[in-house]
Amino acid sequence: MITQLDERGFDELLFATEVPVLVDFWATWCGPCKAIAPILEEIASEYSDKLTIAKIDVDQNQQIATRYNVQSIPTMILFSQGQESARVIGSMSKQALLKKLEGLF
Amino acid sequence: MSTDAVNEVVIIGSGPAGLTAAIYSARANLNPIIVEGEPSSNSDQPGGQLMLTTEVENFPGFPEGILGPELMTRMKDQAIKFGAKFITSKVTKVKLTDKIKRIWLSDENETELLAHSVIISTGAKSIMLNVENESRLLGYGVSTCATCDGFFFRNKNIAVVGGGDSALEEAIFLTKFADKVTIIHRRDAFRASKIMQQRALSNEKIDVLWNTEIRAFNGENSLNSVTLFNNLLNKEYEFDLDGAFVAIGHSPNTEIFQNQVLMDENGYIITNNGTKTNLEGVFACGDVQDHMYKQAITAAGSGCAAAIDTEKWLNNNIS
(Lines give C-alpha, C1' and ligand atoms only; values in the text may rest on other atoms or scores of the structure.)
Protein backbone atom coordinates (compact mmCIF):
# COMPACT_ATOMS: atom_id res chain seq x y z
CA MET A 1 0.00 0.00 0.00
CA ILE A 2 1.21 3.47 -0.85
CA THR A 3 0.50 6.37 1.50
CA GLN A 4 -0.43 9.77 0.09
CA LEU A 5 1.52 12.35 2.03
CA ASP A 6 0.93 15.99 2.72
CA GLU A 7 3.27 18.55 4.19
CA ARG A 8 2.45 17.64 7.78
CA GLY A 9 2.63 13.89 7.37
CA PHE A 10 5.88 14.14 5.47
CA ASP A 11 8.39 14.72 8.29
CA GLU A 12 6.44 12.47 10.61
CA LEU A 13 6.69 9.52 8.27
CA LEU A 14 10.29 10.19 7.33
CA PHE A 15 11.58 10.07 10.87
CA ALA A 16 9.09 7.70 12.48
CA THR A 17 9.58 4.83 10.06
CA GLU A 18 12.27 2.26 10.78
CA VAL A 19 12.57 0.99 7.23
CA PRO A 20 13.73 3.30 4.44
CA VAL A 21 11.04 5.43 2.81
CA LEU A 22 10.86 5.95 -0.94
CA VAL A 23 8.96 9.15 -1.71
CA ASP A 24 7.52 9.58 -5.19
CA PHE A 25 7.11 13.24 -6.17
CA TRP A 26 4.35 13.27 -8.76
CA ALA A 27 1.34 15.16 -10.12
CA THR A 28 -1.94 14.23 -11.76
CA TRP A 29 -1.02 15.87 -15.09
CA CYS A 30 2.30 14.07 -15.51
CA GLY A 31 2.20 11.17 -17.99
CA PRO A 32 5.50 9.52 -17.06
CA CYS A 33 4.34 9.63 -13.39
CA LYS A 34 1.26 7.65 -14.37
CA ALA A 35 3.42 5.12 -16.18
CA ILE A 36 5.57 4.41 -13.14
CA ALA A 37 2.70 4.36 -10.59
CA PRO A 38 1.77 0.66 -11.05
CA ILE A 39 5.47 -0.26 -10.82
CA LEU A 40 5.71 1.49 -7.44
CA GLU A 41 2.58 -0.35 -6.30
CA GLU A 42 4.22 -3.66 -7.20
CA ILE A 43 7.47 -2.80 -5.41
CA ALA A 44 5.51 -1.64 -2.36
CA SER A 45 3.72 -4.95 -2.00
CA GLU A 46 6.74 -7.12 -2.84
CA TYR A 47 9.05 -5.38 -0.37
CA SER A 48 6.49 -4.35 2.24
CA ASP A 49 8.69 -5.57 5.11
CA LYS A 50 11.78 -3.69 3.92
CA LEU A 51 10.54 -0.49 2.37
CA THR A 52 7.76 2.05 2.77
CA ILE A 53 6.64 3.86 -0.36
CA ALA A 54 4.81 7.18 -0.12
CA LYS A 55 3.65 9.67 -2.71
CA ILE A 56 3.54 13.40 -2.55
CA ASP A 57 1.56 15.50 -5.02
CA VAL A 58 3.82 18.44 -5.92
CA ASP A 59 0.82 20.48 -7.01
CA GLN A 60 -0.55 20.49 -3.46
CA ASN A 61 2.80 20.49 -1.65
CA GLN A 62 5.13 22.81 -3.48
CA GLN A 63 7.17 23.68 -0.40
CA ILE A 64 8.36 20.11 0.04
CA ALA A 65 9.33 19.92 -3.63
CA THR A 66 11.28 23.16 -3.26
CA ARG A 67 12.90 21.98 -0.03
CA TYR A 68 14.32 18.95 -1.81
CA ASN A 69 15.12 20.82 -5.04
CA VAL A 70 12.73 18.71 -7.09
CA GLN A 71 12.46 20.28 -10.56
CA SER A 72 11.33 17.31 -12.57
CA ILE A 73 8.74 14.61 -12.04
CA PRO A 74 8.59 11.81 -11.38
CA THR A 75 11.46 12.16 -8.91
CA MET A 76 11.82 9.41 -6.32
CA ILE A 77 13.91 10.07 -3.25
CA LEU A 78 14.93 7.30 -0.88
CA PHE A 79 15.24 8.39 2.75
CA SER A 80 17.02 6.29 5.34
CA GLN A 81 16.37 7.56 8.87
CA GLY A 82 15.26 10.86 7.44
CA GLN A 83 18.38 11.35 5.32
CA GLU A 84 18.37 11.25 1.55
CA SER A 85 20.29 8.16 0.44
CA ALA A 86 19.37 8.02 -3.22
CA ARG A 87 17.52 10.00 -5.85
CA VAL A 88 16.07 8.68 -9.08
CA ILE A 89 14.75 11.08 -11.71
CA GLY A 90 12.42 10.06 -14.53
CA SER A 91 10.11 7.20 -15.33
CA MET A 92 11.63 3.77 -16.00
CA SER A 93 11.04 0.04 -15.84
CA LYS A 94 10.73 -1.82 -12.55
CA GLN A 95 14.01 -3.60 -13.19
CA ALA A 96 15.87 -0.34 -13.87
CA LEU A 97 14.42 1.32 -10.76
CA LEU A 98 15.30 -1.62 -8.50
CA LYS A 99 18.80 -1.61 -9.93
CA LYS A 100 19.26 2.03 -8.98
CA LEU A 101 18.12 1.29 -5.43
CA GLU A 102 20.12 -1.94 -5.12
CA GLY A 103 21.62 -2.49 -1.68
CA LEU A 104 19.99 0.61 -0.23
CA PHE A 105 16.99 -1.02 1.48
CA MET B 1 13.84 -18.45 -21.36
CA SER B 2 12.08 -19.25 -24.60
CA THR B 3 8.44 -19.75 -25.40
CA ASP B 4 8.07 -22.49 -27.97
CA ALA B 5 5.03 -21.19 -29.81
CA VAL B 6 5.79 -19.35 -33.03
CA ASN B 7 3.67 -16.23 -33.16
CA GLU B 8 2.18 -15.14 -36.46
CA VAL B 9 3.32 -11.58 -35.93
CA VAL B 10 5.23 -9.64 -33.32
CA ILE B 11 4.97 -5.85 -33.44
CA ILE B 12 7.86 -3.93 -31.87
CA GLY B 13 6.80 -0.45 -30.72
CA SER B 14 3.49 1.08 -29.70
CA GLY B 15 3.13 4.54 -31.19
CA PRO B 16 0.41 5.31 -33.75
CA ALA B 17 2.10 3.02 -36.32
CA GLY B 18 2.45 -0.01 -34.04
CA LEU B 19 -1.01 0.36 -32.54
CA THR B 20 -2.70 0.74 -35.93
CA ALA B 21 -0.81 -2.35 -37.13
CA ALA B 22 -2.03 -4.08 -33.94
CA ILE B 23 -5.67 -3.14 -34.57
CA TYR B 24 -5.58 -4.34 -38.18
CA SER B 25 -3.66 -7.55 -37.54
CA ALA B 26 -5.83 -8.41 -34.53
CA ARG B 27 -8.94 -7.95 -36.64
CA ALA B 28 -7.33 -10.22 -39.25
CA ASN B 29 -7.00 -12.92 -36.55
CA LEU B 30 -3.20 -12.85 -36.56
CA ASN B 31 -3.09 -12.73 -32.73
CA PRO B 32 -0.44 -10.01 -32.64
CA ILE B 33 1.95 -9.62 -29.73
CA ILE B 34 3.00 -6.00 -29.19
CA VAL B 35 6.27 -5.36 -27.38
CA GLU B 36 5.30 -1.86 -26.31
CA GLY B 37 8.48 -0.56 -24.64
CA GLU B 38 9.23 0.58 -21.10
CA PRO B 39 8.27 3.70 -19.14
CA SER B 40 10.66 6.63 -19.55
CA SER B 41 10.62 10.40 -19.37
CA ASN B 42 11.59 10.87 -23.00
CA SER B 43 9.67 9.91 -26.12
CA ASP B 44 11.09 6.36 -26.15
CA GLN B 45 8.18 4.89 -24.14
CA PRO B 46 4.89 3.01 -24.62
CA GLY B 47 2.68 5.23 -26.77
CA GLY B 48 5.69 7.02 -28.23
CA GLN B 49 6.26 10.69 -28.88
CA LEU B 50 2.61 11.67 -28.42
CA MET B 51 2.79 10.69 -24.74
CA LEU B 52 4.73 13.88 -24.03
CA THR B 53 2.51 16.23 -26.03
CA THR B 54 -0.62 18.12 -25.06
CA GLU B 55 -3.38 18.95 -27.52
CA VAL B 56 -3.33 17.19 -30.90
CA GLU B 57 -5.33 19.35 -33.29
CA ASN B 58 -4.67 17.71 -36.64
CA PHE B 59 -5.70 14.08 -36.13
CA PRO B 60 -8.80 13.64 -38.33
CA GLY B 61 -11.98 12.89 -36.43
CA PHE B 62 -11.29 15.11 -33.45
CA PRO B 63 -12.48 18.61 -34.40
CA GLU B 64 -12.19 19.78 -30.81
CA GLY B 65 -8.69 18.31 -30.47
CA ILE B 66 -7.56 15.47 -28.25
CA LEU B 67 -4.74 15.13 -25.75
CA GLY B 68 -1.80 13.10 -27.11
CA PRO B 69 -1.72 10.58 -24.23
CA GLU B 70 -5.52 10.20 -24.45
CA LEU B 71 -5.32 9.46 -28.18
CA MET B 72 -2.70 6.78 -27.55
CA THR B 73 -4.67 5.21 -24.69
CA ARG B 74 -7.68 4.98 -26.99
CA MET B 75 -5.66 3.36 -29.79
CA LYS B 76 -4.30 0.81 -27.33
CA ASP B 77 -7.79 0.09 -25.95
CA GLN B 78 -9.01 -0.44 -29.50
CA ALA B 79 -6.20 -2.94 -30.18
CA ILE B 80 -6.91 -4.80 -26.90
CA LYS B 81 -10.60 -4.94 -27.79
CA PHE B 82 -9.72 -7.03 -30.85
CA GLY B 83 -7.42 -9.34 -28.91
CA ALA B 84 -3.95 -7.83 -29.29
CA LYS B 85 -1.59 -8.83 -26.46
CA PHE B 86 0.82 -6.31 -24.95
CA ILE B 87 4.16 -6.89 -23.26
CA THR B 88 5.65 -3.93 -21.35
CA SER B 89 9.26 -4.52 -22.21
CA LYS B 90 11.96 -3.41 -24.56
CA VAL B 91 13.59 -5.54 -27.18
CA THR B 92 17.29 -6.01 -26.47
CA LYS B 93 18.29 -8.19 -29.42
CA VAL B 94 16.80 -9.66 -32.57
CA LYS B 95 17.65 -12.30 -35.12
CA LEU B 96 15.46 -11.52 -38.10
CA THR B 97 17.46 -13.07 -40.92
CA ASP B 98 16.17 -16.63 -40.42
CA LYS B 99 12.83 -18.09 -41.42
CA ILE B 100 11.69 -18.12 -37.79
CA LYS B 101 12.46 -14.72 -36.29
CA ARG B 102 13.77 -14.46 -32.74
CA ILE B 103 13.23 -11.51 -30.41
CA TRP B 104 14.74 -11.15 -26.94
CA LEU B 105 13.09 -8.99 -24.28
CA SER B 106 14.52 -6.83 -21.50
CA ASP B 107 12.65 -8.59 -18.68
CA GLU B 108 14.43 -10.49 -15.89
CA ASN B 109 14.03 -13.82 -17.71
CA GLU B 110 15.30 -12.44 -21.00
CA THR B 111 12.22 -13.95 -22.60
CA GLU B 112 12.64 -14.99 -26.20
CA LEU B 113 9.74 -14.64 -28.62
CA LEU B 114 9.50 -16.53 -31.89
CA ALA B 115 7.60 -15.19 -34.88
CA HIS B 116 6.90 -15.87 -38.53
CA SER B 117 6.73 -12.14 -39.21
CA VAL B 118 7.80 -8.93 -37.49
CA ILE B 119 6.52 -5.39 -37.81
CA ILE B 120 9.07 -2.78 -36.75
CA SER B 121 7.45 0.41 -35.43
CA THR B 122 9.98 1.56 -32.86
CA GLY B 123 9.68 5.21 -33.90
CA ALA B 124 12.23 7.84 -33.05
CA LYS B 125 13.59 9.18 -29.81
CA SER B 126 14.35 12.77 -28.93
CA ILE B 127 18.00 13.64 -29.22
CA MET B 128 20.01 15.62 -26.71
CA LEU B 129 22.51 18.38 -27.41
CA ASN B 130 25.45 16.47 -25.89
CA VAL B 131 27.06 19.57 -24.45
CA GLU B 132 28.79 20.14 -21.13
CA ASN B 133 26.72 19.48 -17.97
CA GLU B 134 23.61 18.50 -19.90
CA SER B 135 23.23 15.05 -18.35
CA ARG B 136 24.33 16.22 -14.91
CA LEU B 137 21.65 18.94 -14.84
CA LEU B 138 18.92 16.78 -16.38
CA GLY B 139 16.11 17.01 -13.84
CA TYR B 140 17.68 20.12 -12.29
CA GLY B 141 16.67 22.69 -14.85
CA VAL B 142 17.39 20.75 -18.02
CA SER B 143 14.30 18.87 -19.16
CA THR B 144 13.03 16.73 -22.02
CA CYS B 145 9.40 16.91 -20.89
CA ALA B 146 7.70 20.31 -20.81
CA THR B 147 4.36 18.81 -19.79
CA CYS B 148 6.06 17.16 -16.77
CA ASP B 149 8.35 19.91 -15.61
CA GLY B 150 6.94 23.24 -16.83
CA PHE B 151 5.12 23.58 -13.51
CA PHE B 152 8.41 23.99 -11.61
CA PHE B 153 9.37 27.07 -13.60
CA ARG B 154 6.51 29.38 -12.74
CA ASN B 155 7.74 32.96 -13.24
CA LYS B 156 11.24 31.72 -13.94
CA ASN B 157 13.55 32.39 -16.83
CA ILE B 158 13.09 29.54 -19.28
CA ALA B 159 14.05 28.59 -22.80
CA VAL B 160 13.16 25.99 -25.39
CA VAL B 161 15.91 24.75 -27.66
CA GLY B 162 14.87 23.82 -31.20
CA GLY B 163 12.87 25.03 -34.18
CA GLY B 164 10.45 22.27 -35.13
CA ASP B 165 6.79 21.76 -34.30
CA SER B 166 7.51 20.14 -30.96
CA ALA B 167 9.82 22.97 -29.87
CA LEU B 168 7.23 25.62 -30.70
CA GLU B 169 4.41 23.63 -29.11
CA GLU B 170 6.46 23.36 -25.92
CA ALA B 171 7.26 27.09 -25.98
CA ILE B 172 3.58 27.97 -26.30
CA PHE B 173 2.66 25.47 -23.56
CA LEU B 174 5.31 26.92 -21.24
CA THR B 175 3.88 30.47 -21.50
CA LYS B 176 1.20 29.14 -19.12
CA PHE B 177 3.83 29.15 -16.40
CA ALA B 178 6.43 31.73 -17.34
CA ASP B 179 6.25 35.41 -18.21
CA LYS B 180 8.88 34.97 -20.86
CA VAL B 181 9.97 31.97 -22.88
CA THR B 182 13.02 32.26 -25.11
CA ILE B 183 13.35 29.98 -28.10
CA ILE B 184 16.98 29.25 -28.89
CA HIS B 185 17.39 28.14 -32.49
CA ARG B 186 20.58 27.55 -34.42
CA ARG B 187 19.19 28.63 -37.79
CA ASP B 188 17.55 31.83 -39.05
CA ALA B 189 14.16 30.21 -39.69
CA PHE B 190 11.94 27.57 -38.07
CA ARG B 191 11.25 24.15 -39.56
CA ALA B 192 7.85 24.09 -37.85
CA SER B 193 4.51 24.28 -39.67
CA LYS B 194 3.16 27.71 -40.64
CA ILE B 195 0.34 27.62 -38.08
CA MET B 196 2.73 26.86 -35.21
CA GLN B 197 5.15 29.54 -36.36
CA GLN B 198 2.37 32.13 -36.48
CA ARG B 199 1.21 31.18 -33.01
CA ALA B 200 4.67 31.26 -31.51
CA LEU B 201 5.84 34.44 -33.19
CA SER B 202 2.65 36.34 -32.35
CA ASN B 203 2.82 35.29 -28.70
CA GLU B 204 3.98 38.28 -26.66
CA LYS B 205 5.63 36.05 -24.08
CA ILE B 206 7.88 34.36 -26.63
CA ASP B 207 11.25 35.74 -27.74
CA VAL B 208 13.54 34.09 -30.27
CA LEU B 209 17.32 33.98 -30.33
CA TRP B 210 18.09 33.14 -33.97
CA ASN B 211 21.38 31.66 -35.18
CA THR B 212 22.18 30.68 -31.64
CA GLU B 213 23.59 27.42 -30.31
CA ILE B 214 24.00 26.17 -26.77
CA ARG B 215 27.62 25.42 -25.95
CA ALA B 216 27.21 24.49 -22.26
CA PHE B 217 24.78 24.35 -19.37
CA ASN B 218 26.07 25.99 -16.19
CA GLY B 219 25.09 25.57 -12.56
CA GLU B 220 26.08 23.78 -9.38
CA ASN B 221 22.88 22.21 -8.01
CA SER B 222 20.53 23.63 -10.62
CA LEU B 223 20.79 25.37 -13.93
CA ASN B 224 21.77 29.05 -13.61
CA SER B 225 22.88 29.96 -17.08
CA VAL B 226 23.84 28.68 -20.49
CA THR B 227 26.81 29.49 -22.66
CA LEU B 228 25.48 30.58 -26.03
CA PHE B 229 27.19 30.96 -29.37
CA ASN B 230 25.84 33.23 -32.07
CA ASN B 231 26.98 31.54 -35.26
CA LEU B 232 26.38 34.63 -37.40
CA LEU B 233 28.43 37.00 -35.28
CA ASN B 234 30.84 34.30 -34.12
CA LYS B 235 30.29 35.42 -30.56
CA GLU B 236 30.09 33.40 -27.34
CA TYR B 237 28.28 34.76 -24.27
CA GLU B 238 26.54 33.79 -21.03
CA PHE B 239 22.76 33.88 -20.74
CA ASP B 240 20.91 33.56 -17.41
CA LEU B 241 18.44 30.69 -17.40
CA ASP B 242 16.59 28.61 -14.78
CA GLY B 243 15.06 26.05 -17.10
CA ALA B 244 15.93 24.69 -20.55
CA PHE B 245 13.66 22.37 -22.50
CA VAL B 246 15.46 20.45 -25.21
CA ALA B 247 13.42 19.72 -28.36
CA ILE B 248 15.96 19.66 -31.16
CA GLY B 249 14.68 16.67 -33.07
CA HIS B 250 14.63 12.92 -33.22
CA SER B 251 16.66 9.98 -34.40
CA PRO B 252 15.21 6.59 -35.35
CA ASN B 253 15.29 3.78 -32.78
CA THR B 254 17.08 1.25 -34.95
CA GLU B 255 20.23 0.28 -33.04
CA ILE B 256 19.01 -3.27 -32.37
CA PHE B 257 18.33 -3.88 -36.08
CA GLN B 258 21.76 -2.84 -37.31
CA ASN B 259 23.53 -5.25 -39.68
CA GLN B 260 20.26 -7.07 -40.31
CA VAL B 261 17.71 -4.59 -41.62
CA LEU B 262 18.82 -2.21 -44.39
CA MET B 263 18.96 1.45 -43.32
CA ASP B 264 19.93 4.78 -44.84
CA GLU B 265 22.91 6.79 -43.61
CA ASN B 266 20.81 8.36 -40.84
CA GLY B 267 19.60 5.03 -39.49
CA TYR B 268 16.09 5.13 -40.98
CA ILE B 269 14.90 1.73 -42.18
CA ILE B 270 14.53 1.55 -45.96
CA THR B 271 11.15 0.27 -47.11
CA ASN B 272 10.19 -0.70 -50.63
CA ASN B 273 7.04 -1.76 -52.36
CA GLY B 274 4.84 -0.71 -49.43
CA THR B 275 6.29 -1.48 -46.02
CA LYS B 276 8.68 -4.31 -47.00
CA THR B 277 12.24 -4.23 -45.68
CA ASN B 278 15.18 -6.11 -47.19
CA LEU B 279 14.27 -9.15 -45.05
CA GLU B 280 11.52 -11.65 -45.85
CA GLY B 281 8.65 -11.33 -43.40
CA VAL B 282 9.96 -8.14 -41.81
CA PHE B 283 8.00 -4.93 -42.31
CA ALA B 284 8.51 -1.39 -41.02
CA CYS B 285 6.12 1.50 -40.47
CA GLY B 286 5.93 4.89 -38.81
CA ASP B 287 8.76 7.29 -37.98
CA VAL B 288 11.35 4.50 -37.93
CA GLN B 289 11.21 4.54 -41.75
CA ASP B 290 9.93 8.06 -42.36
CA HIS B 291 12.15 11.11 -42.25
CA MET B 292 9.79 13.20 -44.35
CA TYR B 293 6.33 13.45 -42.82
CA LYS B 294 6.62 12.27 -39.19
CA GLN B 295 2.95 12.80 -38.38
CA ALA B 296 0.66 10.70 -36.16
CA ILE B 297 -1.69 10.16 -39.07
CA THR B 298 1.02 9.17 -41.57
CA ALA B 299 2.45 6.78 -38.97
CA ALA B 300 -0.99 5.28 -38.40
CA GLY B 301 -1.51 4.99 -42.17
CA SER B 302 1.74 3.14 -42.68
CA GLY B 303 0.93 0.92 -39.68
CA CYS B 304 -2.26 -0.10 -41.43
CA ALA B 305 -0.29 -0.80 -44.62
CA ALA B 306 2.23 -2.91 -42.69
CA ALA B 307 -0.53 -5.06 -41.19
CA ILE B 308 -2.05 -5.63 -44.63
CA ASP B 309 1.36 -6.41 -46.18
CA THR B 310 2.10 -8.81 -43.31
CA GLU B 311 -1.21 -10.62 -43.64
CA LYS B 312 -0.65 -11.07 -47.37
CA TRP B 313 2.90 -12.30 -46.83
CA LEU B 314 1.78 -14.80 -44.17
CA ASN B 315 -0.94 -16.13 -46.50
CA ASN B 316 1.57 -16.65 -49.30
CA ASN B 317 4.48 -17.98 -47.28
CA ILE B 318 3.25 -19.68 -44.11
CA SER B 319 0.58 -22.32 -44.42
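Residues numbered from 1 in each chain as written. Chains lettered and ligands numbered in written order. Predicted model: local features only at pLDDT ≥ 70, side-chain atom pairs only at ≥ 80, totals over all residues. Heavy atoms only, no water.

A. A look at the sheet that holds strand 13 (residues 206–209) of chain B. Residue and element names in this part refer to chain B. Overall, parallel pairing links the five strands, which are arranged 10-17-11-12-13 in an open sheet. Strands at the two margins of the open sheet, each flanked by one partner only, are strand 10 (142–143) and strand 13. In the sheet, strand 11 (residues 158–161) pairs with strand 12 (residues 181–184) via four bridges, with the strands oriented parallel. Looking at the pairing, alanine 159 lines up with threonine 182 of strand 12. Strands strand 11, strand 12, strand 13 and strand 17 (243–246) of the sheet are contacted by helix 4 (residues 165–174), whose axis makes an angle of about 165 degrees with strand 11. (Pairing = 2+ DSSP bridges. Helix = DSSP H or I, 4+ residues; strand = E, 2+ residues; numbered from the N terminus. Contact = heavy atoms within 4.5 Å. Axes fitted to C-alpha atoms, helices over the stretch in contact; angles between N-to-C directions.)

B. Spotlight on the pattern of salt bridges. All names here are of chain B. Counted by the stated rule, this structure contains 14 salt bridges over all chains. Aspartate 44 serves as the salt-bridge partner of lysine 90, at 2.8 Å between the closest nitrogen and oxygen. In this pair, lysine 90 is assigned in the loop between strand 5 (85–87) and strand 6 (91–95) and aspartate 44 in the loop between strand 2 (33–35) and strand 3 (55–56), connecting sequence segments 46 residues apart. Aspartate 44 sits in the partly exposed class, given a relative accessible area of 23%. (Salt bridge = Lys/Arg side-chain N within 4 Å of Asp/Glu carboxyl O. Buried < 20%, exposed > 50% of the residue type's maximum accessible area, 1.4 Å probe, protein only.)

C. Quick peek at the state of the cysteines. Following the criterion strictly, the structure yields two disulfides over all chains and no others. With its sulfur 2.2 Å from that of its partner, Cys30(A) forms a disulfide with Cys33(A). The disulfide joining Cys30(A) to Cys33(A) has a torsion of about 85 degrees about its S-S bond and is therefore right-handed. The burial state of Cys30(A) is the same as that of Cys33(A); both residues are buried. Between Cys304(B), a free cysteine, and Cys285(B), which holds the nearest cysteine sulfur, the sulfur-to-sulfur gap is 9.9 Å. (Disulfide = S-S within 2.5 Å.)

D. Seen up close, the packing of helix 4 of chain B against helix 5 (residues 194–201) of chain B. All names here are of chain B. Here helix 4 crosses helix 5 at 35 degrees, and the two axes come no closer than 10 Å. For the crossing formed where helix 4 meets helix 5, the hand is left-handed. In contact with Asp165, Leu168, Glu169 and Ile172 of helix 4, helix 5 contributes Met196, Gln197, Arg199 and Ala200. Grouping the amino acids of the contact of helix 4 with helix 5 by side-chain chemistry returns four nonpolar, one polar and three charged. (Left-handed = near helix turned anticlockwise from the far one by under 90°. Nonpolar A, V, L, I, M, F, W, Y, C, P; charged D, E, K, R; others polar.)

E. Fine view of the layout of surface pockets. In this structure, the second largest pocket spans a volume of roughly 830 Å³. Looking at the second largest pocket, it is lined by 35 residues, and the ones nearest its centre are Cys30(A), Gly31(A), Lys34(A), Met51(B) and Pro69(B). Among the elements of the structure, helix 2 (31–46) of chain A together with helix 2 (68–81) and helix 3 (146–149) of chain B are those that each provide at least two residues to the lining of the second largest pocket. Each of two domains, domain 1 (2–126 + 250–317) and domain 2 (142–246) of chain B, supplies a minimum of three residues to the lining of the second largest pocket. (1 Å grid on protein atoms, 1.4 Å probe; cavity = no way out; pocket = protein on both sides within 12 Å on 5 of 7 lines; lining within 4 Å. Points joined across faces, edges and corners; volume = space filled by probe spheres on them. Domains from an automatic or database assignment.)

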